[in-house]
Amino acid sequence: MAKDSYLVGLIGAGIGPSLSPALHEREADRQGLRYLYRLIDIDVLGVGPEAVGDLLRSARDTGYDGLNITHPCKQLVIEHLDALSPQAEALGAVNTVVLEGGRAIGHNTDVTGFAASFARGLPDVPLEKVVQLGAGGAGAAVAHATLTLGAERVTVVDALTDRAAGLAASLNRHFGEGRATHETPDRLPELLASADGIVHATPTGMAAHPGLPFAAELLHPGLWVAEVVYRPLETALLRTARAMGCATLDGGGMAVFQAADAFRLFTGREPDSARMLADIAEMAGVVESSAG
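Residues numbered from 1 in each chain as written. Predicted model: local features only at pLDDT ≥ 70, side-chain atom pairs only at ≥ 80, totals over all residues. Heavy atoms only, no water.

Colleague: Describe in detail the side chain of T155, supporting the description with residues and values.
Modeller: With respect to the secondary-structure elements, T155 resides in strand β8 (residues 153–157). We classify T155 as buried; its relative accessible area is 10%. Not counting residues within four places of it along the chain, the set of residues in contact with T155 comprises V130, V131, Q132, T181, H182, E183 and L191. (Helix = DSSP H or I, 4+ residues; strand = E, 2+ residues; numbered from the N terminus. Buried < 20%, exposed > 50% of the residue type's maximum accessible area, 1.4 Å probe, protein only. Contact = heavy atoms within 4.5 Å.)

Colleague: Describe in detail helix α11 (residues 273–283), supporting the description with residues and values.
Modeller: Those residues of α11 that fall on the buried side of the exposure criterion are M276, L277, D279, I280, A281 and M283. Against the buried residues of α11 lie α1 (20–30), α5 (109–121) and α10 (252–267). Among the residues of α11, the N-terminal cap falls to D272, whose side-chain oxygen and the backbone nitrogen of A274 are separated by 3.1 Å. Trailing α11 by a residue or two, G285 shows a phi angle of about 75 degrees, which is positive. (Polar contact = N/O pair within 3.5 Å; in protein donor to acceptor, adjacent residues only side chain to side chain.)

Colleague: Can you explain the pairing of strand β1 (residues 5–12)? Please cite residues and give values.
Modeller: Within β1, seven of the eight residues are buried, which leaves it mostly tucked inside the rest of the structure. Of the pairings in the sheet, the one linking β1 to strand β2 (residues 34–41) comprises eight bridges and is parallel in character. Within β2, the position partnered with V8 by the bridge is Y37. For the segment spanning β1, α1 and β2, crossover handedness is right-handed. Bridging between β1 and strand β3 (residues 66–69) involves four bridges; their strand directions are parallel. The residue of β3 that forms the bridge with G9 is L67. (Pairing = 2+ DSSP bridges. Right-handed = clockwise from strand over helix to strand, strands pointing away.)

Colleague: Quick rundown of the sheet that holds strand β12 (residues 248–249)? Include the residues and the values.
Modeller: The strand order across the open sheet formed by six strands is β9-β8-β7-β10-β11-β12, and the pairing between neighbours is parallel. The two strands at the open ends of the sheet, each matched to only one other strand, are β9 (180–183) and β12. The pairing of strand β7 (residues 129–133) with strand β10 (residues 197–200) spans four bridges and is classified as parallel. The residue bridging Q132 from the neighbouring strand is V199, located in β10. Against the sheet, helix α6 (residues 137–148) makes contact with β7, β8 and β10, and its axis sits at roughly 170 degrees relative to β7, the strand it touches most. Against the sheet, helix α9 (residues 236–243) engages β10, β11 (224–227) and β12, with an angle of about 165 degrees to β11. (Axes fitted to C-alpha atoms, helices over the stretch in contact; angles between N-to-C directions.)

Colleague: Tell me what's going on with the environment of R179, and back it up with residues and numbers.
Modeller: Of note, R179 is situated in the loop between α7 (161–175) and β9. Separated by 50 residues in sequence, R179 and K129 place their C-alpha atoms 9.9 Å apart.

Colleague: I'd love a proper account of the pairing of β9, names of residues and values included.
Modeller: Sheet topology places β8 next to β9; four bridges connect them, and they run parallel. Looking across to β9, one finds that V154 is bridged to A180. Crossover β8 to β9 through α7 is right-handed.

Colleague: Tell me about the packing of aromatic side chains, residues and numbers included.
Modeller: Using the criterion set out here, one finds four aromatic pairs in the structure. Between F114 and F118, the aromatic rings sit 5.8 Å apart at their centres with planes inclined by 45 degrees, giving tilted as the arrangement. With F114 and F118 both in helix α5 and four residues apart, this pair spans about one turn of that helix. F118 matches F114 in its accessibility class, with the two residues each being buried. Taken together, the ring pairs in this structure connect Y6, Y35 and F263 into an aromatic cluster. Sitting over the ring of Y6, K3 keeps its end group 5.0 Å from the ring centre. (Phe/Tyr/Trp six-rings, centres within 6.5 Å; stacked < 30°, edge-to-face > 60°. Lys NZ or Arg CZ within 6 Å of the ring centre and 35° of its normal.)

Laid out in structure tokens, this is it:
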């Protein structure tokens, strides 16, 4: 008989505002499940990211069914796992751990989450030349997703040159030479002038980091803009891009689809992502327009 009671959690730093508990628990309630989603915040616990192994062991001992993992533990958790999905292995980052039968298996639903959101929100946009701003944990996932979706070439731009170069090299190893390159932020004006679209994967635009990640005049109507930030759903970048006539994608879809994929991995049940999209719009204080 299928289980109807689940204990899951999120390990990360500064995760108090996370919408993951509500997203998971609301969907579980609708499916008649008892589902408790706990926050395991290393800042609150007063421990460093290297404590992720101990926290994982403790969760196993306590009877957790699974964990989500976020910044800054997505890479550090890997050495404490028994196996990785092909996606997580290719990315070198884990955001979902399934605990079952004494084993801890790592997955990455950021990649599938962004891909599903992009396919839904920007289904017909050109993907020949894509610029991605940001090469951190989220950046690695969305770059993989963008190339999986069929982008011909992704140019990774990051203030940390080594990080951009490392991500581009790993993308070329995985997808084939020439699919990714890297540049410094001062090249953005010429890159965006000829690009089909930009994926924004830095914290700029979050409630705690307001503002635009680059000058507004670099936007033009021929450019599509995809955002990873989802709090707020409408960032300054998206608002400015929309006013310029750009096709846009907010970060809410990625948040929902990665949560839906994690829910499926934890429970074996099919989540209703349409209901979860409505949940996040409501929780983020935005009523989705009929077009969105």
